[in-house]
Amino acid sequence: MSETTPVNTPTVVKLGGSCLDDLADGWWDDLARHGQDRPLVLVHGWSKPLKQLSPRYSEPSAVLRDRYGNQSRWTTPEVIADIKTVSARLGEDVLGRLEQRGITAERLLGSDGLVAAGEGEHWWWRDKQLVELENLVGPITGVDPAALKNLQPGHAYLVTPLARNAAGQEVNTDADRAAAAIAGATGATDLVLVTDVAHLLIDGEPVRRITAKVAAAFRDKGATGGMRKKLRAAGEALDAGVERVVIGSAAVTDLLAARTGTVITRT
Ligand SMILES: Nc1ncnc2c1ncn2[C@@H]1O[C@H](COP(=O)(O)OP(=O)(O)O)[C@@H](O)[C@H]1O
Ligand SMILES: CC(=O)N[C@@H](CCC(=O)OP(=O)(O)O)C(=O)O
């Protein structure tokens, strides 16, 4: 973010479902201070809150893989309802924390005009078998930033990354990739992916800086699970014009200042 960045350009922060309820008071203090200078768009995940809601979300069958090996939650209308239940609860908590610290905040479902999705895959690997099933998941095809009407310093949006497909159905999307698409569409210079690990690790070693090209090469041979999706999201954000993506588990201003975390840039 440079001195000349317009005041309504947001910082987009993806709050990992893995760590959302572990973020300490000091973390929120830091975010709120940053939010006095920049509009905030927070995009949250829900992996851990869903597991806390019901043990069935910890079962291996809760997650499917497409033919390229990308993992995705098996999403039925009941799962969407559960996602909304946990998102409403955690939304209340996040909005309260921000408001206590002087940031006005509102919730927005991606499916309420912000995020559009295309047709999803029909064949999925489930329990080592390739099966045809309806999975209410779709790739993101567009973001309409007009849905974020009030981008200004002192205000935050908390986005639940559901989307709507061309048939009008509400579908699930990947939260990191949704954050990347939102960052691109809002002209954000920085995307911060807050998670439960301090750095991207390659061969067990923390990576402080990496280019999109090297990150993509590692993604396709070495990264697994959640990190694979983050590296994919990082590449998409940089392709959409974002200048830097930072992955880590620290305060947002420490990550933005590259004091910790992994910084990913185009070159
Ligand atoms: N190369 C890697 N470096 C760091 N973390 C990795 C790597 N490969 C896989 N991971 C896993 O990615 C996880 C973060 O992704 P994820 O569980 O989806 O978190 P979040 O809910 O925050 O999005 C880490 O907890 C770690 O187990
Ligand atoms: C399609 C798909 O799998 N969507 C993800 C979206 C949430 C997410 O990514 O949450 P984390 O931040 O906890 O990883 C899911 O339902 O788990």
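All of the points below concern the structure found in this document. (Residues numbered from 1 in each chain as written. Chains lettered and ligands numbered in written order. Predicted model: local features only at pLDDT ≥ 70, side-chain atom pairs only at ≥ 80, totals over all residues. Heavy atoms only, no water.)

## Structural notes on the overall build of the protein chain
Then step 1. Counting its regular elements, the protein chain contains seven helices and 18 strands.
Then step 2. Against the compact-globule benchmark of 18 Å for 267 residues, the protein chain has a radius of gyration of 17 Å, which places it among compact chains.
Then step 3. Along the longest, intermediate and shortest principal axes, the C-alpha atoms of the protein chain span 50 × 40 × 30 Å.
Then step 4. Out of the 267 residues belonging to the protein chain, those deemed buried represent 51%. (Helix = DSSP H or I, 4+ residues; strand = E, 2+ residues; numbered from the N terminus. Rg over C-alpha atoms; globule rule 2.2 N^0.38 Å. Buried < 20%, exposed > 50% of the residue type's maximum accessible area, 1.4 Å probe, protein only.)

## Quick notes on the site of ligand 1
Then step 1. Around ligand 1 lies a shell of 16 residues, among which Ser18, Thr195, Asp196, Leu201 and Lys230 are the nearest.
Then step 2. In this structure, an oxygen atom belonging to ligand 1 sits 2.6 Å away from a side-chain N or O atom of Ser18.
Then step 3. Separating a nitrogen atom of ligand 1 from a side-chain N or O atom of Thr224 is a distance of 3.5 Å.
Then step 4. Taking 570 Å² as the accessible area of ligand 1 by itself, protein coverage stands at 75%.
Then step 5. Where the shell around ligand 1 is concerned, the elements lending two or more residues are strand 14 (200-202) and helix 6 (225-239).
Then step 6. Among the elements that line the shell around ligand 1, the one with the most residues is helix 6, at three residues.
Then step 7. Residue composition of the shell around ligand 1, by class: five nonpolar, eight polar and three charged. (Near = heavy atom within 4 Å. Polar contact = N/O pair within 3.5 Å; in protein donor to acceptor, adjacent residues only side chain to side chain. Areas by Shrake-Rupley, 256 points an atom, 1.4 Å probe, with all protein chains shown as cover. Nonpolar A, V, L, I, M, F, W, Y, C, P; charged D, E, K, R; others polar.)

## Looking at the packing of aromatic side chains
Each pair of aromatic rings is reported with the distance of its centres and the angle of its planes.
Then step 1. Enumeration over the complete set of coordinates arrives at one aromatic pair.
Then step 2. Measuring from centroid to centroid gives 4.9 Å for Trp27 and Trp28, while their planes differ by 80°, and the two rings are edge-to-face. Just as Trp27 is buried, Trp28 falls in that class too. (Phe/Tyr/Trp six-rings, centres within 6.5 Å; stacked < 30°, edge-to-face > 60°.)

## Re the site of ligand 2
Then step 1. Lys14, Trp46, Ser47, Arg73 and Thr173 are the nearest of the 14 residues found near ligand 2.
Then step 2. Take Arg73: an N or O atom from its side chain is 2.7 Å from an oxygen atom of ligand 2.
Then step 3. Contact between ligand 2 and Asn172: an oxygen atom at 2.9 Å from a side-chain N or O atom of the residue.
Then step 4. Surface burial for ligand 2 is 90%, taken as the share of its 430 Å² of free accessible area covered by protein chains.
Then step 5. The class makeup of the residues in the shell around ligand 2 is three nonpolar, eight polar and three charged.

## Quick word on helix 4 (residues 175-185)
Then step 1. All of the buried residues in helix 4 are Ala175, Asp176, Ala178, Ala179, Ala180, Ile182 and Ala183.
Then step 2. With a side-chain oxygen positioned 3.3 Å from the backbone nitrogen of Asp176, the residue opening helix 4 is Asp174.
Then step 3. Two residues or fewer after helix 4 comes Gly187, characterised by a positive phi angle close to 75°.

## Comments concerning the sheet that holds strand 16 (residues 209-211)
Then step 1. With mixed pairing, eight strands are arranged side by side in an open sheet as 5-10-2-1-13-17-18-16. Among the strands making up the open sheet, the edge pair consists of strand 5 (104-109) and strand 16. Neighbour-to-neighbour, the strand axes of the sheet open up by a mean angle of 20°, direction not taken into account.
Then step 2. Strands strand 2 (40-44), strand 5 and strand 10 (155-160) of the sheet are contacted by helix 3 (residues 77-100), whose axis makes an angle of about 165° with strand 5. (Pairing = 2+ DSSP bridges. Axes fitted to C-alpha atoms, helices over the stretch in contact; angles between N-to-C directions. Contact = heavy atoms within 4.5 Å.)

## Quick notes on helix 6
Since there are 3.6 residues in each turn of an α-helix, residues three or four apart along the chain are aligned in direction.
Then step 1. The terminal C-alpha atoms of helix 6, which comprises 15 residues, lie 22 Å apart, in line with the 21 Å expected from a rise of 1.5 Å per residue.
Then step 2. Taken as a whole, helix 6 has its buried residues at Met227, Lys230, Leu231, Ala233, Ala234, Ala237 and Leu238. Projection of helix 6 onto a plane perpendicular to its axis shows the buried side chains occupying an angular sector of 160°, all on one side.
Then step 3. Where helix 6 terminates, the next one or two residues include Gly241, which has phi positive at roughly 105°. (Expected span 1.5 Å × (residues − 1). Arc of directions from axis to C-beta.)

## Here we look at the pairing of strand 1 (residues 11-15)
Then step 1. Counting buried residues along strand 1, five of its five residues qualify, which places the element largely inside the surrounding structure.
Then step 2. Every second residue of strand 1 is oriented toward a common face, with Thr11, Val13 and Leu15 on one face and Val12 and Lys14 on the other, all of them buried.
Then step 3. Note: strand 1 against strand 2, five bridges, orientation parallel. When the sheet's bridge partners are listed, Val13 is paired in strand 2 with Leu42.
Then step 4. In terms of handedness, the path from strand 1 via helix 1 (residues 25-37) over to strand 2 forms a crossover that is right-handed.
Then step 5. Pairing analysis gives four bridges linking strand 1 to strand 13 (residues 190-194), with the strands arranged parallel. Within strand 13, the position partnered with Leu15 by the bridge is Val194. (Right-handed = clockwise from strand over helix to strand, strands pointing away.)

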